[in-house]
Amino acid sequence: MTSSSKKAAPAKSATTAKAAPKAAAKEPKAASAFAKPLQPSKELAEVVGSAPLPRTEVVSKVWEYIKKHKLQNEANKREILADDKLKAVFGRDKVTMFEMNKYLAQHLK
């Protein structure tokens, strides 16, 4: 090994050490609106519980309820056939999975 190769190695680590603090100085991202806990209405609380939940958790729990009670239309899996609890939330006998979020949003504050 020559002395010039020894000098090159510390210079490399010094430049990477300078770049590291810049990356660490970035501010953390703000939480999205989807992660904010929202209070479900009493109708929706019958399905997902009464504790405040993020919108994503509400949708997940509604899907768990739908699958547990076999409320998807077998002929058209995009349709949800509402039972009494979901009729109170949706206001209809059946909705599509795409409409479901619109009705759930009306029951979250």
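Model, not experiment: these values are computed from the prediction. (Residues numbered from 1 in each chain as written. Predicted model: local features only at pLDDT ≥ 70, side-chain atom pairs only at ≥ 80, totals over all residues. Heavy atoms only, no water.)

**Points about the nonpolar core**
Within the largest apolar cluster, 21 residues are counted, with the highest numbers of intra-cluster contacts made by Leu-44, Val-62, Ile-66, Ile-80, Leu-86, Phe-90 and Met-100. Secondary structure elements with two or more residues in this core: α2 (42-48), α3 (55-68), α4 (84-90) and α5 (97-105). By residue number, the principal contributor to this core is α3, which donates five residues. (Core = buried A, V, L, I, M, F, W, Y, C linked by side-chain atoms within 4.5 Å. Buried < 20%, exposed > 50% of the residue type's maximum accessible area, 1.4 Å probe, protein only. Helix = DSSP H or I, 4+ residues; strand = E, 2+ residues; numbered from the N terminus.)

**So, the pattern of salt bridges**
Following the criterion strictly, the structure yields four salt bridges and no others. With a closest N to O distance of 3.3 Å, Asp-93 and Lys-87 form a salt bridge. (Salt bridge = Lys/Arg side-chain N within 4 Å of Asp/Glu carboxyl O.)

**Details of the side chain of Asp-83**
On the secondary structure map, Asp-83 appears in the loop between β3 (79-81) and α4. One buried charge, Asp-83, has no salt-bridge partner; the nearest side chain with opposite charge is Lys-85, at 6.6 Å. For Asp-83, the side chain forms a polar contact with the side chain of Tyr-65, separated by 2.5 Å. (Lys, Arg positive; Asp, Glu negative; His and termini not counted. Polar contact = N/O pair within 3.5 Å; in protein donor to acceptor, adjacent residues only side chain to side chain.)

**Remarks on α5**
Along α5, the residues that are buried comprise Met-100, Tyr-103 and Leu-104. Buried residues of α5, viewed axially, fall in a sector of 100°; they line one side. Buried positions along α5 lie against α2, α3, β3, α4 and β4 (94-96). (Arc of directions from axis to C-beta. Contact = heavy atoms within 4.5 Å.)

**Digging into the packing of aromatic side chains**
Under the definition given, this model contains one aromatic pair. Look at Phe-90 and Tyr-103: their rings are 6.1 Å apart centre to centre, the planes differ by 55°, and that puts the pair in the tilted class. With Phe-90 in helix α4 and Tyr-103 in helix α5, the pair connects residues that are 13 residues apart, well separated along the chain. Take Tyr-103: its relative accessible area is 11%, and that puts it in the buried class. (Phe/Tyr/Trp six-rings, centres within 6.5 Å; stacked < 30°, edge-to-face > 60°.)

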